[in-house]
Amino acid sequence: MSCKIPEDCIFCGTCAEECPNGAIYEGEVQFHVDPEKCTECVGCYERPRCIEACPLELPLKDPDHQETREALLAKWRKLNPGKEPNIF
Ligand code: SF4
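About the criteria used
Residues numbered from 1 in each chain as written. Predicted model: local features only at pLDDT ≥ 70, side-chain atom pairs only at ≥ 80, totals over all residues. Heavy atoms only, no water. Helix = DSSP H or I, 4+ residues; strand = E, 2+ residues; numbered from the N terminus. Rg over C-alpha atoms; globule rule 2.2 N^0.38 Å. Buried < 20%, exposed > 50% of the residue type's maximum accessible area, 1.4 Å probe, protein only. Contact = heavy atoms within 4.5 Å. Areas by Shrake-Rupley, 256 points an atom, 1.4 Å probe, with all protein chains shown as cover. Lys, Arg positive; Asp, Glu negative; His and termini not counted. Charge placed at Lys NZ, Arg CZ, Asp CG, Glu CD. pLDDT = per-residue confidence, 0-100.

Digging into the overall build of the protein chain
- Scanning the protein chain from N- to C-terminus turns up 3 helices and 4 strands.
- Relative to the compact-globule value of 12 Å for 88 residues, the protein chain shows a C-alpha radius of gyration of 12 Å, a close match.
- Its C-alpha atoms give the protein chain principal-axis dimensions of roughly 35 × 25 × 20 Å.
- Each of the 88 residues in the protein chain was classed as buried or not, and the buried ones make up 43%.
- Look at the contacts in the protein chain between residues 6 or more apart in sequence, and 59% of them connect residues 24 or more apart.
- For the protein chain, the accessible area works out to roughly 5,500 Å², and carbon and sulfur atoms hold 48% of it.
- In the protein chain, which carries 10 positive and 17 negative side-chain charges, the distance between the mean positions of the two groups comes to 7 Å.

Here's the deal with the confidence of the model for the protein chain
- Per-chain confidence: the protein chain averages 94 in pLDDT, with 99% of residues scoring 70 or above.
- Within the protein chain, no element has a lower average pLDDT than strand β4 (residues 60-61), which sits at 90, and none a higher one than strand β2 (residues 24-26), at 98.

So, in structure tokens, the structure goes:
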């Protein structure tokens, strides 16, 4: 599952600075998460950094992009060839 940023986003950019995968990008009026790059922080952190960093705790798990932990780890490995994950 990827994370998703709801429309209540105040466009502060904190989440984009914290994302280890560069998955968060700026839209016209809010930030968005690229599900092809989001691993829910599997491979890097115990919990999604964007949720922890957001001053309003807005990012949510996106039910439209559900993946197993194994699939998220495989995505992380594809995004980070040659590196070893910190968190399995
Ligand atoms: Fe980036 Fe992690 Fe948030 Fe996904 S859960 S968008 S990888 S900070």
